[in-house]
Amino acid sequence: MDEIQEKIRALSATLDSYAKAYYVDDDPLVPDSEYDRLYHELLDLEQKYPQFIDKNSPTQRVGGAVKDSFKQIEHVIPMLSLADIFEDDELVDFSSRCLASGAPSNAPFCAEVKLDGLAVSLLYIDGELVQAATRGDGRTGEDITENVRTIKAIPLKLRSANIPSLIEIRGEVFMPRDGFNAWNENARAHNLKVFANPRNAAAGSLRQLDPKETARRPLTFNAYFIARAEGVELPDTQYDRLMYVKELGVPVNEHVTRARGLEGLREFYKKINNLRDSLNYDIDGVVLKLDSIELQESMGYTARTPRFAVAYKFPPQEEITRLLDVEFQVGRTGALTPVARLKSVVVGGACISNATLHNADEIKRLDIKIGDYVVIRRAGDVIPQITAVVKDRRGSDVKDIVFPTHCPVCGSLVEKVAGEAVARCSGGLVCPAQQKEAIRHFVSRNAMDIEGFGDKIVQALVDSGKVKTIADIYTLSVDDIASTMLESGKEDGKVRLIGKVIGTKLVAAIDKSRSIDFNRFVYALGIREVGEATALTLAHEYENIHELCDARFDDLIKLKDIGAVVATHIVDFFAEKHNLEVIERLVESNSGFLFSAGIKTKSCKIDKEAMDNLPLASKTYVLTGTLSMPRSKVKAMLISLGATVSGSVSKKTTSVIAGAEAGDKLRKATELGIEILSEEDLIKLLQKYKALE
């Protein structure tokens, strides 16, 4: 018996620590499925050995403790939890208990989705929102009124001809998936806190001490219960009460319906489970309540749950498994992505053995090591992700995750710029993982402009092995192209030869591209962050590719619009010998390299005096909003006239060019009294100096 009692104490302590992390700290340590497993293990032991039940056991409480940072609110009517069920047998038991309490065999139930957010109580007096509180421990919650007032879905004033003098509406505050994903994407980009899941995101957002911070979060609300009301006669069914709440202007979930009898409950569960992945919000089950308020009252409550309702839980979308190893994949832009190799685990109905780790910053944030036990999350169509490490299971055999110094595909050096999260292969012209993207960019209209070289032809020539690098384009004969198999693009899956007609046209277009302005050739190389405007800046400074290859970092950062990061990319690109070998095969022999393709670049170099005499030499412009022309093209035209194009507004800014839906930059320019130009003004400016015909 001592062993049983000790087991109960240990389970209680573990569950208490998990509950505090979940309810109070908004920082869950384990997925819900793990908590549920331990909770039911404790519940089973207590049912077998009731003499060991402690009044403070997790099974005897509703929620978590109340945070000290918020004023406490005592619930007039306790906010209870729902009993969970997981199997059809348990659903049959629930139905049988309802029948035994007097419910007819075909009794209607109010069937609702179980939103995965934070339970909140809203109190309206004479139609105005006066108080909002969390569930807390079920009897006392946190006053989050000011934060809730920032949620646009929650009306501050009820809208109906039949407004009660007092009504307490309970429901769930949650964060939609699209808002959650956008928030985390931005957080990763700016090295901010990343939320583990939408429920954690909603809870953390509601508990911000500054309501302005809550207002920034994409939260919404669905009502599911009227706790009390005065000055109005409420409908006598749960479903009709929710429709009344909706009439008041408070949102109710669209999938709320009536289901009759056991078969109706089964059908609703199956329907919502099938819809689960397509919804824009997380649900972890369905809630089934006897629809009749009279029957609800006759069944009553236990100490912590109503007897007339259950939460029928879906298979979990989070599970714990072990990280076995980390491999590195190279993407089409050269980015190295660490991929976790996991001990296979079923999550949300799918067997998961791999998950993305994003980048080095994410690994550091998670403090993850090979050999750790980790929490895997899969929701909807989202790629499985590791959201947390179960630190209390970390063993002594774990190993650090080390990024490779050389590309695992082509062996080129891996570039990691200070302050950036992503590491990249520097062999952009030779890396097989990047070859199709490099070729597509090289032949594109604003680069070498090889007409007719579409995506399908690039794909076909690369797949056939006839083109491995951009230099191979210039070795192609008409027969090489004509004899290449091309997918038809039709659903029949047939292929055909490209043919001599297209082959002849392509070879002519390739020959035409052998003479080109130097700035377009530089842009075509695909150096990271060297767009059309930066390529033009380089072409104004350097005569040819030979001079640019020898450019030093200290010289590059002195140029307009080229900072330390871009200068590093340029230097690293030309330091990679594989890239130089490709360039040697491209350029004309008189530029100092071995003869091959014979590309002849036309100099665009401008001396400093000429640059100073350009019409916009002393001007600084900032672009904001959506323009009808590509922003890179606008930037290149302004730079060709001597202007500086900046990414931020300051007192040095000459003018801000504002397109449609301009945002913060336009506001800041207005505050500073800086000239605002429309796109029409921009076109007139460019036409005046003949940069745009």
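The rules behind the values
Residues numbered from 1 in each chain as written. Predicted model: local features only at pLDDT ≥ 70, side-chain atom pairs only at ≥ 80, totals over all residues. Heavy atoms only, no water. UniProt positions renumbered as here; feature names shortened; annotations may be inferred. Helix = DSSP H or I, 4+ residues; strand = E, 2+ residues; numbered from the N terminus. Areas by Shrake-Rupley, 256 points an atom, 1.4 Å probe, with all protein chains shown as cover. Lys, Arg positive; Asp, Glu negative; His and termini not counted. Charge placed at Lys NZ, Arg CZ, Asp CG, Glu CD. Phe/Tyr/Trp six-rings, centres within 6.5 Å; stacked < 30°, edge-to-face > 60°. Buried < 20%, exposed > 50% of the residue type's maximum accessible area, 1.4 Å probe, protein only. Patch = residues over 30% accessible without salt bridge, like charges linked within 9 Å, V, L, I, M, F, W, Y side chains within 5 Å. Salt bridge = Lys/Arg side-chain N within 4 Å of Asp/Glu carboxyl O. Pairing = 2+ DSSP bridges. Axes fitted to C-alpha atoms, helices over the stretch in contact; angles between N-to-C directions. Contact = heavy atoms within 4.5 Å. Arc of directions from axis to C-beta. Core = buried A, V, L, I, M, F, W, Y, C linked by side-chain atoms within 4.5 Å. Domains from an automatic or database assignment.

- An unreviewed UniProt entry annotates the protein as DNA ligase of Anaerobiospirillum thomasii.
- For the protein, the Catalytic activity (unreviewed entry) comment in UniProt is given as "NAD(+) + (deoxyribonucleotide)n-3'-hydroxyl + 5'-phospho-(deoxyribonucleotide)m = (deoxyribonucleotide)n+m + AMP + beta-nicotinamide D-nucleotide."
- The record in UniProt for the protein states the following under Sequence similarities (unreviewed entry): "Belongs to the NAD-dependent DNA ligase family. LigA subfamily."

Topic: the overall build of the protein
Part 1: Counting its secondary structure elements, the protein contains 25 helices and 26 strands.
Part 2: In terms of principal-axis extent, the alpha carbons of the protein reach across some 95 × 55 × 50 Å.
Part 3: If you sum the accessible surface of the protein, you get close to 33,100 Å²; carbon and sulfur atoms cover 49% of it.
Part 4: Charge-centre separation for the protein: the mean point of 90 positive side chains lies 3 Å from the mean point of 102 negative side chains.

Details of the packing of aromatic side chains
Part 1: Within this structure, the stated rule accounts for nine aromatic pairs.
Part 2: Each ring, one from Tyr269 and one from Tyr312, has its centre 3.9 Å from the other, and the planes form 20°; the classification is stacked. Of this pair, Tyr269 sits in helix α9 (residues 261–275) while Tyr312 sits in strand β11 (residues 309–313); the two residues are 43 residues apart in sequence, bridging distant segments of the chain. For the pair Tyr269 and Tyr312, a shared accessibility class is recorded, and that class is buried.
Part 3: Taking the centre distance of 5.2 Å and the plane angle of 90° together, the rings of Phe573 and Phe574 count as edge-to-face. Each member of the pair, Phe573 as well as Phe574, is classed as buried.
Part 4: Chaining the aromatic ring pairs together yields one cluster made of Tyr269, Tyr312 and Phe314.

Quick notes on a nonpolar patch on the surface
Part 1: Together, Met485, Val495 and Leu497 give the surface a local cluster of nonpolar side chains, amounting to about 280 Å² of exposed area.
Part 2: Along the polypeptide, Val495 turns up in strand β20 (residues 495–497).
Part 3: Assessed through its relative accessible area of 48%, Val495 is described here as partly exposed.

Thoughts on the sheet that holds strand β4 (residues 118–125)
Part 1: Judged by pairing direction, the sheet is antiparallel, and its four strands sit side by side in the order β5-β4-β7-β8 without closing on themselves. Of all the strands in the sheet, just β5 (128–134) and β8 (220–230) have a single pairing partner and so form its edges. Along the sheet, successive strands turn relative to each other by an average axial angle of 25°, direction set aside.
Part 2: Bridge count for β4 against β5 is six bridges, and the pairing is antiparallel. Across the sheet, the residue bridging to Leu122 is Ala132, located in β5.
Part 3: The strands touched by helix α6 (residues 198–206) are β4 and β7 (166–174); relative to β4, the strand with the most contacts, the crossing angle is about 45°.
Part 4: Its contacts with the sheet put helix α8 (residues 238–247) on β7 and β8, and the angle it makes with β8 is roughly 110°.

Observations regarding unusual backbone geometry
Part 1: Notably, Asp126 is not glycine yet its phi reads approximately 50°, a positive angle.
Part 2: Within the secondary structure, Asp126 sits in the loop between β4 and β5.
Part 3: Positive phi, close to 55°, is recorded for Glu661, a residue that is not glycine.
Part 4: Secondary-structure assignment places Glu661 in the loop between β25 (655–658) and α24 (664–672).
Part 5: For Glu661, a relative accessible area of 78% translates into the label exposed.

Remarks on helix α13 (residues 455–463)
Part 1: Inspection of α13 places Ile457, Val458, Ala460, Leu461 and Val462 among the buried residues, and these make up the whole buried set.
Part 2: Buried residues belonging to α13 abut α12 (435–443), β19 (485–487) and α15 (500–512).
Part 3: A positive backbone phi angle near 85° is found at Gly465, which sits one or two residues after α13.

Brief notes about the environment of Leu38
Part 1: Examined against the element boundaries, Leu38 turns out to sit in helix α2 (residues 32–48).
Part 2: Distance in space between the C-alpha atoms of Leu38 and Lys364 is 30 Å, their sequence separation being 326 residues.

A word on α12
Part 1: If you check which residues of α12 are buried, you get Gln435, Ala438, Ile439, Phe442 and Val443. The buried residues of α12 occupy an angular sector of 120° when projected down its axis, which confines them to one face.
Part 2: Residues of α12 that are buried make contact with α13, α16 (518–524) and α21 (577–586).

Brief notes about the nonpolar core
Part 1: If you look at the biggest cluster of nonpolar residues, it comprises 58 residues, and the most contacted ones within it are Phe453, Leu525 and Leu586.
Part 2: If near-sequence neighbours (up to four positions away) are discounted, Phe453 is found in contact with Val443, Val458, Leu461, Ile473, Leu476, Leu506 and Ile510.
Part 3: Listed in part, the 36 residues of the second largest apolar core include Phe180, Leu206, Ala223 and Val256.

Some points on the sheet that holds strand β2 (residues 83–85)
Part 1: Here we have five strands laid out as an open sheet, ordered β2-β11-β10-β3-β9, and mixed in their pairing. Looking at strand neighbours, the two that pair on one side only are β2 and β9 (257–260), the edges of this open sheet. Along the sheet, successive strands turn relative to each other by an average axial angle of 35°, direction set aside.
Part 2: Bridge count between β2 and β11: three bridges; the pairing is parallel. The partner of Ile85 across the bridge, within β11, is Tyr312.

Let's talk about the domain arrangement of the protein
Part 1: Here the protein is described as being made up of domain 1 (1–52), domain 2 (83–313), domain 3 (318–415), domain 4 (431–513), domain 5 (517–602) and domain 6 (608–689).
Part 2: A separation of 25 Å is found between the C-alpha centroids of domain 1 and domain 2.

Some words on the UniProt feature "binding site: NAD(+)" (unreviewed entry) in the protein
Part 1: Mapped onto this numbering, the UniProt entry annotates "binding site: NAD(+)" (unreviewed entry) at Asp32, Ser33, Glu34, Tyr35, Asp36, Ser81, Leu82, Glu112, Arg135, Glu172, Lys289 and Lys313. On the basis of their most widely separated C-alpha atoms, the annotated residues across 282 residues do not gather in one place, lying as much as 26.0 Å apart.
Part 2: Among the secondary structure elements, Lys289 is positioned in strand β10 (residues 283–290).
Part 3: In contact with Lys289, not counting residues within four places along its chain, are Phe109, Cys110, Glu112, Tyr224, Gln238, Gln296, Phe308 and Ala309.
Part 4: By secondary structure assignment, the location of Lys313 is in strand β11.
Part 5: When sequence neighbours within four positions are dropped, the list of residues in contact with Lys313 reads Asp36, Asp84, Ile85, Phe86, Lys114, Tyr269, Asp284 and Gly285.

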